[in-house]
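Structural features, examined
Chain by chain, the residues:
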Amino acid sequence: MIEIMNTLKAGFVKYFGEQKTTAFFFLWWVNLIGEHTDYNGGHVFPCAISLGTYALVAPRQDMQTRAISLNYEKDGIKEFSMENLSYDESIGWANYIAGVVKVFEDAGMKATCGFDIAIYGTLPGGAGLSSSASVEVLTGYILKDLYGFDVTNQDLALIGQYSENHFNGVNCGIMDQFAIAMGKEDHAIFLDTNTLDYTYVPLKLEGAKIVI
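Residues numbered from 1 in each chain as written. Predicted model: local features only at pLDDT ≥ 70, side-chain atom pairs only at ≥ 80, totals over all residues. Heavy atoms only, no water.

1. Quick look at the overall build of the protein chain
When helices and strands are counted, the protein chain shows five helices and eight strands. When the helices and strands of the protein chain are placed in sequence order, the string is α-β-β-β-β-β-α-β-α-α-α-β-β. Relative to the compact-globule value of 17 Å for 212 residues, the protein chain shows a C-alpha radius of gyration of 17 Å, a close match. When the backbone C-alpha atoms are referred to their principal axes, the protein chain occupies close to 45 × 40 × 30 Å. When the 212 residues of the protein chain are sorted by exposure, 48% land in the buried category. In the protein chain, the proportion of contacts linking residues at least 24 apart, taken out of those at least 6 apart, comes to 68%. As displayed, the protein chain offers around 10400 Å² of accessible surface, 51% of which is attributable to carbon and sulfur atoms. With 13 positive and 25 negative side-chain charges, the protein chain shows a spacing of 7 Å between the two charge centroids. (Helix = DSSP H or I, 4+ residues; strand = E, 2+ residues; numbered from the N terminus. Rg over C-alpha atoms; globule rule 2.2 N^0.38 Å. Buried < 20%, exposed > 50% of the residue type's maximum accessible area, 1.4 Å probe, protein only. Contact = heavy atoms within 4.5 Å. Areas by Shrake-Rupley, 256 points an atom, 1.4 Å probe, with all protein chains shown as cover. Lys, Arg positive; Asp, Glu negative; His and termini not counted. Charge placed at Lys NZ, Arg CZ, Asp CG, Glu CD.)

2. A few points about the environment of I119
On the secondary structure map, I119 appears in strand 6 (residues 115-121). Along the sequence, I119 and G99 sit 20 residues apart, while their C-alpha atoms lie 16 Å from each other. Residues contacting I119, with those up to four places away along its chain left out, are L8, T53, Y54, A55, I68, S69, L70, N71, W93, I97 and V135.

3. Quick look at the nonpolar core
One finds I97, F104 and I117 to be the most contacted residues of the largest nonpolar core, which totals 49 residues. At the level of elements, strand 1 (22-31), strand 3 (46-59), helix 2 (95-106), strand 6, helix 3 (131-147), helix 4 (153-166), helix 5 (175-182) and strand 7 (187-192) are the ones that each hand at least two residues to this core. Sorting elements by how many residues they give to this core places helix 3 first, with seven residues. Not counting the four nearest positions on each side in its chain, I117 is found in contact with F12, F16, A55, L56, V57, R66, A67, I68, I97 and I142. (Core = buried A, V, L, I, M, F, W, Y, C linked by side-chain atoms within 4.5 Å.)

4. What about the pattern of salt bridges?
Per the counting criterion, the structure on display carries eight salt bridges. With its nearest N and O atoms 3.4 Å apart, the salt bridge here joins E73 to K14. A residue pair is termed long-range when its members are at least 10 positions apart, and E73 in the loop between strand 4 (64-69) and strand 5 (78-81) and K14 in helix 1 (residues 2-16) qualify at 59 residues. When its relative accessible area of 32% is taken as the criterion, E73 is described as partly exposed. Here the residues in one salt-bridge network are R60, D62, R66 and D116, joined through shared partners. (Salt bridge = Lys/Arg side-chain N within 4 Å of Asp/Glu carboxyl O.)

5. Here we look at the pairing of strand 4
Sheet topology note: the strand 4/strand 5 ladder contains four bridges and is antiparallel. Bridge pairing in strand 5 places R66 opposite E79. (Pairing = 2+ DSSP bridges.)

Okay, structure coming up:
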């Protein structure tokens, strides 16, 4: 944990300079039972894992947002305005941040400034653990914290899914964002993706591991 935060801090300073920052973290997840059922309104059984997405964030004095992923440093800083947002192919993965900002704004929760953000995930993208959903939920929580928006973690899951469906054009179900936003240590979630009724189920894998 300390090594990760030191890496993140060094990356933030490298690209954005010394600033007062706030740290954020959201976990990733695996699904134990129920593949390809969440976007059909079925039942799923995901659980949180300790790996996830870390971020350092500092608010700006203007309406620009600058983002760097330390997993993809060769792609450089992605920058966009917090106003008049639409999908922009040139900012690549940062559309997952911009999409969540757009959904908040459309719901009447408008950001008053942009921010600088450095992100580091403890697994690479494309590993099948929904790094995009983790970025979406993480962004939602950052917006909630920075601007005082009144939203629950379940709201953040729905906002993340909506942004991925309608801003990024990915027809995903709710499981990814829900498991990330609502994950609980030593528990899996029995989730009805049609009604969003859910139950936490104790899950302690003593002497066993989940292999991905």
